[in-house]
Amino acid sequence: MVEFSQLGDNEVFSAFTTYGTIALAKVMLMSVITSFFRITRKAFDNPEDVPNPHKEENIKKFLRKDDRVDRVLRAHRNDLENIVPFFCIGLLYSLSDPDLTTALWHFRIFVAARIYHTIAYLTPLPQPNRGLSWLIGYIVTFSMVYRLLKNKLYL
Amino acid sequence: MVEFSQLGDNEVFSAFTTYGTIALAKVMLMSVITSFFRITRKAFDNPEDVPNPHKEENIKKFLRKDDRVDRVLRAHRNDLENIVPFFCIGLLYSLSDPDLTTALWHFRIFVAARIYHTIAYLTPLPQPNRGLSWLIGYIVTFSMVYRLLKNKLYL
Amino acid sequence: MVEFSQLGDNEVFSAFTTYGTIALAKVMLMSVITSFFRITRKAFDNPEDVPNPHKEENIKKFLRKDDRVDRVLRAHRNDLENIVPFFCIGLLYSLSDPDLTTALWHFRIFVAARIYHTIAYLTPLPQPNRGLSWLIGYIVTFSMVYRLLKNKLYL
């Protein structure tokens, strides 16, 4: 395992900082996309969110499901299910003294696959675009899991 | 980047430990609030959760959606979408040797905004109470993203 | 707080790496279980996912909710609500120089409780199997919260 006193100069940790931050910023952008579709398509979940919420007919009209909003919500949830575990496992992996080039390609492929996943989900592109990009991110994460558990199990 | 051998005395990391823990404890309290409303309002998702689940009519009666429960679930999901990325990004930020006062105010404003967000969501308070508190937390997190990516990109 | 230069030999951190990785791998397996039920029971959320999506009748037929799929989605969401906070808090806890045996039992009990939780959710087992396993994981996490906030508050 890496000596933490050298972490300031640790290249794997620096790379993880960059890619982990980009991946999480991407997750957070989904909130803005959700708001955009909620407002432009007038589809809300909460009575207090509809325009002029004191008018009873507005609540009836705009408190509704919308295909486009639901799609963004599913893409956002899929990000939470995949990018958050990547971040947590990637952090431990970065601290387990992996080879720099190997680590960099794990991070690069994961982030690229997840950006493509979002594009494929929101466009939407026909399958297997979304399915494959999900699978690539999944395999990358489990490759780090494998390395972490293979190196040494402490039970 | 901070020398990790000094992390024991690192004030930013100590502050992050306090605020990060408070923020996540707040997220976890949402589970208890959900259970409270599920039980008092008798609205369940799983047949095995209803009172006396061997009675067919109980399952029909209590396996239902409830406005209040759904509201707590949305607030909980919003926390996962915002507080978990704050924690991950804040951890990297804490390790990037930021100014102590700047870091403290990032953490303080974020945690205060998210506590207010929950109050605004569950009461519910009229907009823009919830919207603004969400926005403040969002801006704080992206301020840390900006600092992390501006300092040095390792691609 | 632990000296980070010794983290390479830090047993608590090694134990956390093992248990944290196992817990997150378990979360990620839920995606595969969801896909399995979506495909075998033909219940999809997205029109592009149904078999032969160019046939209008397939979209009508297979774009539907399914009890089994919904159950896995709820179990997956419950994992995100509980295992992600455990990981974040557990990471800070591991770095706060806790007693090794105490830490190990926190990690062991949490991971065992959450694996049992998934079994109880997906079977499903009658209550209070799922409720109790959720509660045990919850108490373990708050026990770490308590230790982190009791030791020193940095506000």
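Note that this is a predicted model, so its numbers are computed, not measured. (Residues numbered from 1 in each chain as written. Chains lettered and ligands numbered in written order. Predicted model: local features only at pLDDT ≥ 70, side-chain atom pairs only at ≥ 80, totals over all residues. Heavy atoms only, no water.)

1. Let's talk about empty space enclosed by the protein
For the structure on display, the rule yields six cavities of 30 Å³ or more. Taken as a whole, the second largest cavity encloses approximately 50 Å³ of empty space. Taken together, A:Leu80, A:Val84, B:Leu80, B:Val84, C:Leu80 and C:Val84 make up the lining of the second largest cavity. Listed by contribution, the elements that provide at least two residues to the lining of the second largest cavity are helix H3 (67-94) of chain A, helix H3 (67-94) of chain B together with helix H3 (67-94) of chain C. Residue classes in the lining of the second largest cavity are distributed as six nonpolar, no polar and no charged. (1 Å grid on protein atoms, 1.4 Å probe; cavity = no way out; pocket = protein on both sides within 12 Å on 5 of 7 lines; lining within 4 Å. Points joined across faces, edges and corners; volume = space filled by probe spheres on them. Helix = DSSP H or I, 4+ residues; strand = E, 2+ residues; numbered from the N terminus. Nonpolar A, V, L, I, M, F, W, Y, C, P; charged D, E, K, R; others polar.)

2. Considerations on the packing of aromatic side chains
All names here are of chain A. Considering all chains together, one arrives at 30 aromatic pairs over all chains under this definition. With 5.0 Å between their ring centres and 45° between their planes, Phe16 and Phe87 make a pair best called tilted. Of this pair, Phe16 sits in helix H1 (residues 11-41) while Phe87 is found in helix H3, placing the two residues 71 residues apart along the sequence. We note that Phe16, like Phe87, is buried. A ring pair is formed by Phe86 and Phe110, whose centres lie 3.7 Å apart and whose planes are at 5°; its orientation type is stacked. You can see Phe86 sitting in helix H3 and its partner Phe110 sitting in helix H4 (residues 100-122), a full 24 residues away along the chain. What makes Phe86 buried here is its relative accessible area of 0%. For Arg108, the ring lying beneath its charged end belongs to Trp105, and the centroid distance is 4.7 Å. (Phe/Tyr/Trp six-rings, centres within 6.5 Å; stacked < 30°, edge-to-face > 60°. Buried < 20%, exposed > 50% of the residue type's maximum accessible area, 1.4 Å probe, protein only. Lys NZ or Arg CZ within 6 Å of the ring centre and 35° of its normal.)

3. A word on the relation of the copies chain B and chain C
Aligned on chain C, chain B shows an RMSD of 0.0 Å; the corresponding rotation is 120° and the shift along the axis is 0.0 Å. Such a turn and shift between the copies fits a three-fold axis. Comparing interface residues between copies, only 17% of those in chain B also lie at the interface in chain C; the contact surfaces differ. (Least-squares fit on C-alpha atoms with pLDDT ≥ 70 in both. Contact = heavy atoms within 4.5 Å.)

4. Re the interface of chain B and chain C
Taken together, the 35 residues of chain B in the interface contact 34 residues of chain C. At the boundary of chain B and chain C, one finds three salt bridges. The salt bridge partner of C:Arg130 is B:Glu48, with a shortest N-O separation of 3.4 Å. For the interface between chain B and chain C, the tally reads twelve residue pairs in polar contact (both at pLDDT 80 or more). Residue assignment for the side of chain B that touches chain C shows that the elements contributing at least two residues are helix H1 (11-40), H3 and helix H4 (100-122) of chain B. A total of 16 residues in the side of chain B that touches chain C trace back to one element, the largest contributor, which is H1(B). (Salt bridge = Lys/Arg side-chain N within 4 Å of Asp/Glu carboxyl O. Polar contact = N/O pair within 3.5 Å; in protein donor to acceptor, adjacent residues only side chain to side chain.)

5. Topic: the environment of A:Asn46
Summarising the element assignment, A:Asn46 is placed in the loop between H1 and helix H2 (56-62). With relative accessibility at 2%, the residue A:Asn46 sits in the buried group. Contacts of A:Asn46, omitting those with residues within four sequence positions, involve A:Leu63, B:Arg71, B:Arg74, B:Tyr121 and B:Arg130. Within the structure, A:Asn46 has its side chain in polar contact with the side chain of B:Tyr121 (distance 3.0 Å).

6. Notes on the relation of the copies chain A and chain B
Between chain A and chain B, the superposition needs a rotation of 120° and an axial shift of 0.0 Å, giving an RMSD of 0.0 Å. Interface overlap between copies: only 17% of the residues of chain A at the interface are likewise at the interface in chain B, consistent with a contact formed by different surfaces.

7. Details of the packing of H1(B) against helix H5 (residues 129-151) of chain C
In the contact formed by H1(B) and H5(C), the axes pass within 10 Å of each other and the chain directions differ by 155°. Judged by the inter-axis angle, H1(B) sits roughly antiparallel to H5(C). Regarding H1(B) and H5(C), the two cross each other, and that crossing is left-handed. For the pair H1(B) and H5(C), the contacting residues are B:Thr17, B:Thr18, B:Thr21, B:Ile22, B:Ala25, B:Met28, B:Leu29, B:Ser31 and B:Val32 in the first and C:Trp134, C:Tyr138, C:Thr141, C:Phe142, C:Val145, C:Leu148 and C:Leu149 in the second. Of the residues that constitute the contact of H1(B) with H5(C), the class distribution is eleven nonpolar, five polar and no charged. (Axes fitted to C-alpha atoms, helices over the stretch in contact; angles between N-to-C directions. Parallel < 35°, antiparallel > 145°, perpendicular 65-115°, else oblique. Left-handed = near helix turned anticlockwise from the far one by under 90°.)

8. Concerning the nonpolar core
Ranked by size, the top nonpolar core spans 88 residues in total, and within it A:Phe107, B:Phe107 and C:Phe107 carry the most contacts. Every residue in contact with B:Phe107, bar those within four places of it in the chain, is listed here: B:Val12, B:Ala15, B:Phe16, B:Tyr19, B:Phe86, B:Tyr93, B:Ser94 and B:Met144. (Core = buried A, V, L, I, M, F, W, Y, C linked by side-chain atoms within 4.5 Å.)

9. Thoughts on unusual backbone geometry
Phi is mostly negative for residues that are not glycine, and the peptide bonds are mostly trans. The step from A:Thr123 to A:Pro124 runs through a cis peptide bond, and the omega angle for that step is -15°. Mapped onto the fold, A:Pro124 is located in the loop between H4 and helix H5 (129-151). Unlike most non-glycine residues, B:Lys42 shows phi in positive territory, near 50°. Following the sequence through the fold, B:Lys42 ends up in the loop between H1 and helix H2 (56-62).

10. Side note on the confidence of the model for chain A
For chain A, mean pLDDT is 92; residues scoring 70 or higher make up 95% of the total. For this predicted complex, the interface confidence comes out at an ipTM of 0.93, alongside a pTM of 0.94. (pLDDT = per-residue confidence, 0-100.)

11. Some points on H1(B)
Residue and element names in this part refer to chain B. If you check H1, its first and last C-alpha atoms are 44 Å apart, about what 30 residues at 1.5 Å a residue would give, namely 44 Å. The element H1 is largely enclosed, with a buried count of 21 among its 30 residues. Its side-chain oxygen placed 3.1 Å from the backbone nitrogen of Val12, Asn10 serves as the N-cap of H1. Note on H1: the residue one or two positions beyond its end, Lys42, has a positive phi of about 50°. (Expected span 1.5 Å × (residues − 1).)

12. Side note on the interface of chain A and chain B
In this assembly, 35 residues from chain A lie in contact with 34 residues from chain B. Contact between chain A and chain B buries roughly 3100 Å² in total, counting both sides, with carbon and sulfur atoms accounting for 68%. The largest contributions to the chain A side of the interface with chain B come from A:Thr21, A:Met28 and A:Glu48, which together make up 21% of the buried area. At the surface where chain A touches chain B, the tally comes to three salt bridges. Between B:Arg130 and A:Asp49 there is a salt bridge, and its shortest N-O distance comes to 3.0 Å. There are twelve residue pairs in polar contact (both at pLDDT 80 or more) connecting chain A and chain B. Secondary-structure elements contributing two or more residues to the side of chain A that touches chain B are H1, H3 and H4 of chain A. (Buried area = accessible area lost by both parts, 1.4 Å probe.)

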